[in-house]
There are 2 protein chains.
Amino acid sequence: MTERPLACSQHNHDHCIDDALSAARTLCAERGVRLTDLREQVLALIWDSHKPLGAYTLMEMLSEESTRRVAPPTVYRALDFLLEQGLIHRINRLNAFVGCPSPEHQHHSHFLLCNDCGVAVELESDKLDKDILSAARNAGFSVEAHSLEVTGLCARCQTGKV
Amino acid sequence: MTERPLACSQHNHDHCIDDALSAARTLCAERGVRLTDLREQVLALIWDSHKPLGAYTLMEMLSEESTRRVAPPTVYRALDFLLEQGLIHRINRLNAFVGCPSPEHQHHSHFLLCNDCGVAVELESDKLDKDILSAARNAGFSVEAHSLEVTGLCARCQTGKV
DNA sequence: CCAGAAAGGTTATATAGTAACATAACCACT
DNA sequence: AGTGGTTATGTTACTATATAACCTTTCTGG
Ligand SMILES: [Zn+2]
Ligand SMILES: [Zn+2]
Ligand SMILES: [Zn+2]
Ligand SMILES: [Zn+2]
């Protein structure tokens, strides 16, 4: 357990990890896919950090936790699985991964990224989804996926920084 | 002159490059910044490809054009300059760079990326900009920048692929 | 238990980006 | 023209991110 991210200091972080993990277990069981120890360990580390985490940072953490050396493909395969199941998202701008708070329905990746504390808040807005879709369709484009990455300051980091 | 991108086959490509380059020259002159030979060469290569171009691809192209070997920092510095001046955008999803058709006013990076032909169309919509801004503000976020990357099929690539 | 499939381990390599320092071109001023 | 500061580029080495190829282990259904 390391420092607590500012934007989350008031919530019960252990509880929030547990919730994410049990949701993931349920979901994987329903879908008939295997949330193995490794995959769950990766998911737990990502939720524990509560900020976007790079694959290599993750790899070091895994290596520390488990005596054996962990190589890149191991991490990337676990990440690929979690991405496929919608349990995490990838933040392209940061080459990093973050837990999804509502993995039960697949959705596009829209994030608010704080430049100060580094927190990544998932932006869930049906309206925005539709706006993006219609803007793309107006341009004659047939949409498969979209990702939005907004950078700036989170509510907490704005206060006292006029 | 290599293959012409499908999505652009009807336009006069040489003309389109020339326009972009002369706009860039004017803009840099106005701003009192130097569009050096190297920078212009990079910009020309990017417009010539008319698709997002990776830094290392660009580096090989430069090396071929100029007998001398071109190393990564040379390319990245030119790219940084062009990004600062808004003459190109970076597509995070592809680790690649593409020319901006309207560099005279700085704006956010919104793209439609065709999975089939690889074309990157810049999506310019004030409404969408405002929608994104208001969605972020509703979440208490103060916005500095945003980038939207939509993947799918461009109008041309949809036809005959039902 | 056994065969096939899925997951993970291992090694090597590909691709993308930066740090640090040296040199060259440009520009303003004498 | 000479001088010195500034900007741009060259050069070497390195860090960071991601994947290919192949092998071994573990799981699962019969
Ligand atoms: Zn999500
Ligand atoms: Zn913050
Ligand atoms: Zn643009
Ligand atoms: Zn296309």
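Residues numbered from 1 in each chain as written. Chains lettered and ligands numbered in written order. Predicted model: local features only at pLDDT ≥ 70, side-chain atom pairs only at ≥ 80, totals over all residues. Heavy atoms only, no water.

1. Considerations on the domain arrangement of chain A
All names here are of chain A.
- Under the domain assignment, chain A is made up of domain 1 (10–102) and domain 2 (107–162).
- For domain 1 and domain 2, the distance between their C-alpha centres works out to 22 Å.
- Across the boundary between the two partners, domain 1 contributes 14 residues, which contact 15 residues of domain 2.
- Contact between domain 1 and domain 2 buries roughly 1,000 Å² in total, counting both sides, with carbon and sulfur atoms accounting for 54%.
- Remark: the boundary between domain 1 and domain 2 carries zero salt bridges.
- Our count for the domain 1 to domain 2 interface comes out at six residue pairs in polar contact (both at pLDDT 80 or more). (Domains from an automatic or database assignment. Contact = heavy atoms within 4.5 Å. Buried area = accessible area lost by both parts, 1.4 Å probe. Salt bridge = Lys/Arg side-chain N within 4 Å of Asp/Glu carboxyl O. Polar contact = N/O pair within 3.5 Å; in protein donor to acceptor, adjacent residues only side chain to side chain.)

2. A few points about the coordination of the zinc ion (ligand 4)
Residue and element names in this part refer to chain B.
- Binding of the zinc ion (ligand 4) to the protein goes through Cys114 (SG), Cys117 (SG), Cys154 (SG) and Cys157 (SG), at separations of 2.2 to 2.3 Å.
- One way to put it: the four donor atoms around the zinc ion (ligand 4) meet at angles of 103 to 114°, and that makes the site tetrahedral.
- Judged by its relative accessible area of 11%, Cys117 falls in the buried class. (Donors = N, O, S within 2.8 Å, 3.2 Å for Na, K, Ca; no water. Tetrahedral: all angles 85-135°; square planar, octahedral: opposite > 155°, others 65-115°. Buried < 20%, exposed > 50% of the residue type's maximum accessible area, 1.4 Å probe, protein only.)

3. A short note on the coordination of the zinc ion (ligand 3)
Residue and element names in this part refer to chain B.
- Bound to the zinc ion (ligand 3) on the protein side are His89 (NE2), Cys100 (SG), His107 (NE2), Glu122 (OE) and Glu122 (OE), at distances that span 2.0 to 2.5 Å.
- Donor residues for the zinc ion (ligand 3) sit on one chain with the sequence pattern H-x10-C-x6-H-x14-E. Of this pair, His107 sits in the loop between β2 (96–99) and β3 (109–114) while Glu122 is found in strand β4 (residues 120–122), placing the two residues 15 residues apart along the sequence.
- For Glu122, a relative accessible area of 12% translates into the label buried. (Helix = DSSP H or I, 4+ residues; strand = E, 2+ residues; numbered from the N terminus.)

4. Re helix α4 (residues 72–84) of chain B
Residues and elements named next belong to chain B.
- A rise of 1.5 Å per residue sets the reference length of α4, with its 13 residues, at 18 Å; its end C-alpha atoms lie 18 Å apart and thus fit the reference within 8%.
- Within the sequence span of α4, burial applies to Val75, Ala78, Leu79, Phe81 and Leu82. With its buried residues spanning 160° around the axis, α4 presents them on a single face. Seen from the buried face of α4, the exposed residues on the opposite side, beyond 90 degrees, are Arg77 and Glu84.
- Contact partners of the buried residues in α4: α1 (13–31), α2 (37–49), α3 (55–65), β1 (88–91) and β2.
- Gly86 sits one or two residues past α4 and shows a positive phi near 70°. (Expected span 1.5 Å × (residues − 1). Arc of directions from axis to C-beta.)

5. Looking at the interface of chain A and chain B
- Taken together, the 31 residues of chain A in the interface contact 31 residues of chain B.
- Across the interface of chain A and chain B, roughly 2,500 Å² is buried in total on both sides, 61% from carbon and sulfur atoms.
- At the junction of chain A and chain B, the tally comes to two salt bridges.
- The interface formed by chain A and chain B includes 16 residue pairs in polar contact (both at pLDDT 80 or more).
- At the level of elements, β3 (109–114), α5 (126–138), β5 (142–153) and α6 (155–158) of chain A are the ones that each hand at least two residues to the side of chain A that touches chain B.
- At 12 residues, β5 of chain A tops the list of elements feeding residues into the side of chain A that touches chain B.
- In terms of residue class, the side of chain A that touches chain B is built from 17 nonpolar, nine polar and five charged. (Nonpolar A, V, L, I, M, F, W, Y, C, P; charged D, E, K, R; others polar.)

6. Section: the sheet that holds β5 of chain A
- Within the open sheet, the six strands sit side by side as β4(A)-β3(A)-β5(A)-β5(B)-β3(B)-β4(B). Their pairing is mixed. Among the strands making up the open sheet, the edge pair consists of β4 (120–122) of chain A together with β4 of chain B. On average, adjacent strands in this sheet sit at an angle of 20° to one another, irrespective of strand direction.
- Bridging between β3 of chain B and strand β5 (residues 142–153) of chain B involves six bridges; their strand directions are parallel. Among the inter-strand pairings, Phe111 of chain B is bridged to a residue of β5 of chain B, identified as Glu149 of chain B.
- On the sheet, helix α5 (residues 126–138) of chain B packs against β3 and β5 of chain A together with β3 and β5 of chain B and is oriented at approximately 125° with respect to β5 of chain B. (Pairing = 2+ DSSP bridges. Axes fitted to C-alpha atoms, helices over the stretch in contact; angles between N-to-C directions.)

7. Considering the relation of the copies chain A and chain B
- You can overlay chain A on chain B at an RMSD of 0.0 Å; the transform is a turn of 180° with a shift of 0.0 Å along its axis. Here the transformation between the copies is reduced to the relation of a two-fold axis. No C-alpha of chain A approaches the rotation axis more nearly than that of Leu148 of chain A, which lies at 2.2 Å.
- Interface residue correspondence from chain A to chain B reaches 100%, placing this contact among same-surface, isologous pairings. (Least-squares fit on C-alpha atoms with pLDDT ≥ 70 in both.)

8. A few points about the pairing of β5 of chain B
- Judged from the 11 bridges that link them, β5 of chain A and β5 of chain B form a sheet pairing that is antiparallel. Residue pairing in the sheet places Val143 of chain A in a bridge with Gly152 of chain B of β5 of chain B.

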